[in-house]
Amino acid sequence: MKRREVIKNISVLPVAGLAITGSYNLESVIASPSAFLPARRNLFKELGLRTFINAAGTYTFMTGSLMPAEVIEAMVAASKEFVLLDDVQDKVGEKIASMCHAEAATVTAGCWSAMVLGLAGILTGRDLKKIAQLPDLDELKSEVITQKSHNTGYVHALKNTGVKIVAIDTIQDLENAINEKTAMMWFLNYAAPDGQIQHEDWVAIGKKHNIPTMNDIAADVPPVENLWKYNDMGFDLVCISGGKALRGPQSAGILMGRKDLIEAARLNAPPRGGNIGRGMKVNKEEVFGMFAALERYISLDHRKEWKIWEDRIALIEAAVKKIKGITTSVTVPPVANHTPTLNIAWDTSTIPVTREELQDRLRRGNPSIEVVAGKENSINLTVFMLEPNQEKIVASRIYEELNKASAK
Ligand SMILES: *Cc1c(COP(=O)(O)O)cnc(C)c1O
């Protein structure tokens, strides 16, 4: 079936009580409004790639987020001139720092590389010999302390520098673990509710022992205030992803914090070579894109955004609830991907379909839709990565598949 025909079919799906017919321009829903230039070639089509509506969230394997026009424009503008890469990082770094209440900032190749470079800077300072020596830590500090509940796969970013992770539970453990080899104390923001030591104590103990603290807030906007909250609180370094809710380039992130540490981090990164960061290159396009994304994100009407998300969730929820045996709930994760999340659960005695089967049917539909598997017989979805009006397609398709399964 051709796309246009499929879309026409969707518009007549029997979602009782939902005005989903004719109220929006179907072609514009498909041709994502994020697109900046009218594409001369459709490489997705040429290469036979499946594209999809993202009702899942900001996942690296799903290519993260879609960059808004302002971001693409900034990247295209960057691509037109030669400039010194350090000059670009200097100027944009100053702007980002002032927007986020930090002394200094630099654009990195994602939150992961912000972590690597931030720690590398702490270990080496501005000493070129030490920079060339990493990840050999002979005669350098070699331990990073974190809480056991924060000790996830993300610490591997830190291990790139050669350090060992020391995981502790309590403030007393922390005091005991600190020694002359301690390079840094790492905090994983989203794990804060699971840890015994909270932000303020973490920062205070770091300051008391003169050990730099780093907070990983990768996916932790919204709320927008998190962009400066932890700088204000006194963390020496804060790392965030550029390509999650900020909708900057997926291959960008920000390292911000103390000026001396940012300078040292940059010495461990391109355009300089002979360091562990040489492979974590961002060019002027990503730096401009990151800057434009941050500016855009800060200036958004966040209350309005939230209302749009609630309305989208309500529309999908109302559609699927019309089917017998469906229960729904809306939750908001307290930290990280802090956005309304809809759980749709069903009773398999009346609707005999597994969550994997439902995911598969949505994926194979046209347009293809990605959602996340929930607990038992349920799926989860978010709407902050949807383009305008895609919620109607998502509502129709989920309704259609669950209704079909329940009729059997
Ligand atoms: C996504 C994520 C990272 C990695 O960020 P990238 O921008 O993909 O490099 C690091 N830490 C946490 C907690 C994350 O969620």
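Just so you know, these numbers come straight off a predicted model, no measurement behind them.

## Here's the deal with the environment of Glu286
One can find Glu286 in helix H13 (residues 284-299). The buried category is assigned to Glu286, whose relative accessible area is 18%. When near neighbours in sequence (up to four residues on either side) are disregarded, Glu286 contacts Met75, Val107, Pro249, Ser251 and Ala252. Polar contacts involving the side chain of Glu286 include one to the main-chain amide nitrogen of Asn283, which spans 2.8 Å.

## A word on a nonpolar patch on the surface
A surface patch of nonpolar side chains, amounting to about 410 Å² of accessible area, comprises Leu43, Phe44, Leu47 and Leu49. Counting through the fold element by element, Phe44 comes out in helix H3 (residues 43-46).

## Structural notes on the packing of helix H15 (residues 355-364) against helix H16 (residues 390-407)
For the pair H15 and H16, the least separation of the axes is 10 Å and the interaxial angle reads 130°. What the angle tells us is that H15 and H16 run oblique. At the point where H15 passes H16, the crossing takes the right-handed sense. Across the interface between the two elements, Leu358, Arg361 and Leu362 from H15 touch Arg397, Ile398, Glu401, Leu402 and Ala405 from H16.

## Concerning H13
Helix length check: H13 (16 residues) gives 23 Å between terminal C-alpha atoms against 22 Å at 1.5 Å per residue, within 8%. Taken across its 16 residues, H13 has 12 buried, putting it largely inside the fold. Among all positions in H13, only Lys284, Glu285, Glu286, Val287, Gly289, Met290, Phe291, Ala292, Ala293, Leu294, Arg296 and Tyr297 are buried. Where the residues of H13 are buried, they touch helix H4 (69-78), helix H5 (85-99), strand E2 (104-108), helix H11 (226-233), strand E8 (253-257) and helix H14 (302-320).

## Concerning the site of the ligand
Around the ligand, the neighbouring residues are Gly110, Cys111, Trp112, Tyr154, Leu188, Tyr190, Asp216, Ala218, Ser241 and Lys244. Trp112 places a polar main-chain atom, nitrogen or oxygen, 2.9 Å from an oxygen atom of the ligand. Here an oxygen atom of the ligand and a side-chain polar atom of Ser241 are 2.7 Å apart. Considering the ligand on its own, with 380 Å² of exposed area, one finds that the protein chains cover 86% of that surface.

## Some points on the pairing of strand E3 (residues 143-147)
Within E3, five of the five residues are buried, which leaves the element mostly enclosed by the surrounding structure. Where burial is concerned, the two faces of E3 agree: the one with Glu143, Ile145 and Gln147 and the one with Val144 and Thr146 are both buried. Sheet analysis places E3 next to strand E4 (residues 164-168), joined by five bridges and oriented parallel. Residue pairing for E4: Thr146 is matched across the bridge by Ala167. When E3 meets strand E5 (residues 182-188), the two strands line up parallel, connected through three bridges. Within the sheet, the bridge partner assigned to Ile145 lies in E5 and is Met185.

What counts, and at which threshold
- Residues numbered from 1 in each chain as written.
- Predicted model: local features only at pLDDT ≥ 70, side-chain atom pairs only at ≥ 80, totals over all residues.
- Heavy atoms only, no water.
- Helix = DSSP H or I, 4+ residues; strand = E, 2+ residues; numbered from the N terminus.
- Buried < 20%, exposed > 50% of the residue type's maximum accessible area, 1.4 Å probe, protein only.
- Contact = heavy atoms within 4.5 Å.
- Polar contact = N/O pair within 3.5 Å; in protein donor to acceptor, adjacent residues only side chain to side chain.
- Patch = residues over 30% accessible without salt bridge, like charges linked within 9 Å, V, L, I, M, F, W, Y side chains within 5 Å.
- Areas by Shrake-Rupley, 256 points an atom, 1.4 Å probe, with all protein chains shown as cover.
- Salt bridge = Lys/Arg side-chain N within 4 Å of Asp/Glu carboxyl O.
- Axes fitted to C-alpha atoms, helices over the stretch in contact; angles between N-to-C directions.
- Parallel < 35°, antiparallel > 145°, perpendicular 65-115°, else oblique.
- Left-handed = near helix turned anticlockwise from the far one by under 90°.
- Expected span 1.5 Å × (residues − 1).
- Near = heavy atom within 4 Å.
- Pairing = 2+ DSSP bridges.

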